[in-house]
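One letter stands for each residue in the lines below.
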Amino acid sequence: MLTEVGTCPLLSVQPSRAQVDEKVQIVVMNLLPNQKVTLHSLHQSEDKDFWEAFGHYISDEYGTVTVAKDESLGGTYEGTEQMGLLWSMRPIPGSRPGLRLRKMNILTPIVIHISVYGGHLSQGFSQQTPLATSVTERWYVAPGVQRVNIRENGVRGTLFLPPGPGLYPGVLDLWGGGGGLVEYRSGLLASHGFASMALEYLGPEDLRTADVDVSYFEKAYQILQNHPKVQRDRMAMLGLSFGSAVTLSMAAYSKVIKPQCCVCISGSHVFPVDKSLFEVFEGMKKYIGRVQVNEENQVIHRNIILPIPSDPALKVDVGRIKCPLLLVNAGDDQNWASVESAEDMEMMMEKAGNRDLLTVLTYPGAGHLIEPPYSPHFRASNFILQGVKEKIVMLWGGQTKPHAYAQEDSWEKILAFLRKHLYFSSNFAVKAKL
Amino acid sequence: MYYFTAAFFNSKLRCVANLTILKQINRVDNLISLRSVSTQKRTCPLLSVQPVRGLLDEKFQIAVTNLPPNQKVTLHSLHQSDDKDFWEAFGHYVSDEHGSVTGFKDESLGGTYDGTEPMGLLWSMRPIPGSRHGLRIRKRDIFRPMEVRISVYSGHLSQGFSQQTPLTTRVIERWYVAPGVQRVNIREKGVRGTLFLPPGSGPYPGVLDLWGVGGDFVEYRSALLASHGFASMALEYLTPEDLSLEDTDASYFEKAYQILNNHPMVKKDHLAVLGLSLGSAITLSMASYSKVIKPQCCVCISGSHLMPVEKSLSELFELMKSHADKLCVNEDNQVILRNLILSLPCQSAKVDVGRIKCPLLLVNGDDDQTLPAVESAEDMAMMMEKAGNRHLLEILMYPDAGHLIEPPYSPHFRATNYKLEWTKEKIVMLWGGQTKPHAYAQEDAWKKILAFLWQHLSAPVSTVTSF
């Protein structure tokens, strides 16, 4: 008795429950040979918006489509892109403009419906019945990872601990000017064996920018360092955007914060954070005239630090940094002139003699928001400007495909960098007596 | 060679002071003064288990890296069951010249399993020393995963794991349901069961799932079948309270079958009946005699045609009670049921399998101590040969496997606590089987059962890539 081919396609998504930075294998079998199909992904965000992606495929002579090796002929991505159905997601037609996809409750998974449709469709997916559907989950936290609320000494954050007795290297995780408490990257870092603390330092009403200064970050660092499950001499700071400025400032000036290494994503050494945030923002306001708005009414923030000032008071003295430093920058960063900053930092460190500590990764075509792998790309999104409380549309930059590549590659390199300096470093060995 | 770092010592000293830890440090001190330790690059082994969240029948890849070369380590798994008992398994390994241990290609030199066994840490699990006797793992809340803690210990340990600090630990989850599977309570026309539906709009081929042993109602096999694309209904028919044995007769099973067949998300007349043990006996009876139950195929695991269920279950149990003197007990006080079944009156009481009209797959272990599954299968083959429907029969026979052929990688239980259905007596039932061949049987049988269902229900089943 022959199985009827073509009437019951089989769709397999493996693994069905994956970590956010893990690849999935999507395979469709039992189609007719050379059949046109559309692979489609659908996700409903916590904000209730729908996001989707799709690719047009033709099955081979066995009636099979293997996303990892076959080419998408069109859709929201094209070419051979194993994870295209994830990173090319965008809001469905008719959605509110300027949306951004960020998971706030990371103890539950991202749920995505993957479907196969007959023919090459580009719209109207909800009105069609798919040939097959599979549901897949993507998790920011590995099983056993613990989430700990930190409310100590005025410091606010969330600590994620890997499972097991410890001890673990600690990572202080800083987001950027958008503020709030964003936990997903720390959850992911804990899933890779780091005790990672996401720090809240901008946003909530009871944390005024006038109160957030160097001592706030130093207290946060110490809380992490003193935690019973954290190895106090294996610490790192990781910052994105404004969080990078904080990281560079602390690494250069703080007598308390002495990490084994630092990672700065899409950041700059201009506007050092050596006073309260309020004062830092006041200092930036002088250059507000350099901020542009394009014809789509999107705000381009990058020029605020261009040209890179020669006045040392306006820059973090990166020559004083004593630990390995990894810079991750986007070639099309429209928010901060991170590439130009990196060039300047390199010159400064060359002069100061610590250039060997610096590694710079620059990704052409990527935009400012370099997030964990396979996250969708937003060239621009709604944003609330600090201090002014004005709602604008911020241009981040980047083109989707190179941006997706940057997220995937940089994450691998960031993890390798952290492991190298926090797990494998030869600084800690002991020569024992015979 | 043992490598130590200042950080390792610091971490040990900072632990809550107790005798065990101090003893460890003293031992370590002695060791360190005897050996030289050069500046070393590796300080912390890395353990990776992929996927960390897998379906119950999915294989995982375990890899340990960043060990010193040729180091003795123990891979250990620990699970606390829904009944709060602890189960563990372990294997002894030696890292290669790169300091790695890779589960799917390296050999375990001893422990609860040996040889190259990528899934040994699951299927060789057994209760930890000091546990209550006769335990069995059964999952009750199948929407919550089974959590297993995988650890790497230094040296070749065989006990005392809880007193040692592992080099590294990961927690993995094993899920009974794929994402999107729905659970539907069935309470209709006196029929009680749980229907599991795959995600999507369907319709899907259906499976009537008859458990049959132990009395407790279990859903996990149906949940797993739904995760593979079948609308599977686990039928309750042995639970106490509102379901009496007198009422559990052929019409009960026929009503259940019709409820499934008529469900809007089930593909009409694309149904299979799958049974284990007593459930198999019921399956054979229905397939042979029922005018209502006409499945496209049947699967009988560890079953026998010597237990006809023509009238009600209570009659069958009366029959079993009347032959109680044939119940054997071995020197470990474990009950061997198979001989009782063999002694039941022949000819007239056998299910007339010559009347079966659909493909039939029998899955048996030849060390089945509970039912004479192998003998029954041989007799069934002869009967079907005579009747001219032998071509419908396929027999899978697994040497040294026992009665309880469960989903892949489930631990093996040679004997467990049991309450005999027909006397309510608490005994220890001998199921049979040896662990390694039983594990092989579970893994191989499941693959073949899914393929068989797919083939005859004309619909694809989502296979697991590791197969």
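Please read all numbers here as calculations on a predicted model, not as lab measurements.

Remarks on the UniProt feature "active site" (unreviewed entry) in chain A
All names here are of chain A.
Turning to step 1, where the next piece is worked out: Per the UniProt annotation, the sites labelled "active site" (unreviewed entry) are Ser241, Asp333 and His368. A maximum C-alpha distance of 10.4 Å among these annotated residues, which run over 128 residues, shows that they cluster at one spot.
Turning to step 2, where the next piece is worked out: Note on placement: serine 241 falls in the loop between β14 (230-240) and α4 (242-253).
Turning to step 3, where the next piece is worked out: A relative accessible area of 1% places aspartate 333 in the buried class.
Turning to step 4, where the next piece is worked out: Setting aside chain neighbours within four positions, we find aspartate 333 in contact with Ser266, Arg302, Ser338, Ala366, Gly367, His368 and Trp396.

Comments concerning the packing of aromatic side chains
Turning to step 1, where the next piece is worked out: The tally for this structure, following the rule as stated, stands at 26 aromatic pairs over all chains.
Turning to step 2, where the next piece is worked out: Between A:Trp139 and B:Trp175 the ring centres are 6.5 Å apart and the planes differ by 50 degrees, which places this aromatic pair in the tilted class. With A:Trp139 in strand β9 (residues 132-139) and B:Trp175 in strand β9 (residues 168-175), the pair connects residues from two separate chains. Of the two residues, A:Trp139 and B:Trp175, both sit in the buried class.

A word on the packing of helix α4 (residues 220-227) of chain B against helix α10 (residues 435-457) of chain B
Residue and element names in this part refer to chain B.
Turning to step 1, where the next piece is worked out: As a packed pair, α4 and α10 sit with axes 12 Å apart at the nearest point and diverge in direction by 60 degrees. By the angle between their axes, α4 is oblique relative to α10. Of the two elements, α4 crosses α10, and the hand of that crossing is right-handed. Side by side, α4 and α10 meet where Arg221, Leu224 and Leu225 of the first sit next to Trp446, Leu450 and Leu453 of the second.
Turning to step 2, where the next piece is worked out: For the contact of α4 with α10, the class distribution of residues is five nonpolar, no polar and one charged.

Concerning the pattern of salt bridges
Turning to step 1, where the next piece is worked out: For the structure on display, the rule yields 32 salt bridges over all chains.
Turning to step 2, where the next piece is worked out: With its nearest N and O atoms 3.1 Å apart, the salt bridge here joins A:Glu81 to A:Lys401. With a gap of 320 residues between them, A:Glu81 in the loop between β6 (65-66) and α1 (84-87) and A:Lys401 in helix α7 (residues 400-422) connect regions that are remote in the sequence.
Turning to step 3, where the next piece is worked out: The shortest N-O distance in the salt bridge between B:Glu219 and B:Arg183 comes to 2.7 Å. Here the residue B:Glu219 occupies a position in the loop between β12 (204-210) and α4, and B:Arg183 occupies one in strand β10 (residues 182-188), the gap between them amounting to 36 residues.
Turning to step 4, where the next piece is worked out: Residues joined in a network through salt bridges with shared partners are B:Arg187, B:Arg192 and B:Glu236.

Quick look at helix α9 (residues 373-387) of chain B
Residues and elements named next belong to chain B.
Turning to step 1, where the next piece is worked out: Between its first and last C-alpha, α9 extends 20 Å over 15 residues, near the 21 Å set by a 1.5 Å rise per residue.
Turning to step 2, where the next piece is worked out: By the burial criterion, the buried members of α9 are Ala373, Val374, Ser376, Ala377, Asp379, Met380, Ala381, Met383 and Met384.
Turning to step 3, where the next piece is worked out: Its buried side turned inward, α9 meets α6 (278-289), β18 (360-365) and β19 (393-398).
Turning to step 4, where the next piece is worked out: Positive phi appears at glycine 388, one or two residues downstream of α9, with a value of about 90 degrees.

Criteria and cut-off values
- Residues numbered from 1 in each chain as written.
- Chains lettered and ligands numbered in written order.
- Predicted model: local features only at pLDDT ≥ 70, side-chain atom pairs only at ≥ 80, totals over all residues.
- Heavy atoms only, no water.
- UniProt positions renumbered as here; feature names shortened; annotations may be inferred.
- Helix = DSSP H or I, 4+ residues; strand = E, 2+ residues; numbered from the N terminus.
- Buried < 20%, exposed > 50% of the residue type's maximum accessible area, 1.4 Å probe, protein only.
- Contact = heavy atoms within 4.5 Å.
- Phe/Tyr/Trp six-rings, centres within 6.5 Å; stacked < 30°, edge-to-face > 60°.
- Axes fitted to C-alpha atoms, helices over the stretch in contact; angles between N-to-C directions.
- Parallel < 35°, antiparallel > 145°, perpendicular 65-115°, else oblique.
- Left-handed = near helix turned anticlockwise from the far one by under 90°.
- Nonpolar A, V, L, I, M, F, W, Y, C, P; charged D, E, K, R; others polar.
- Salt bridge = Lys/Arg side-chain N within 4 Å of Asp/Glu carboxyl O.
- Expected span 1.5 Å × (residues − 1).

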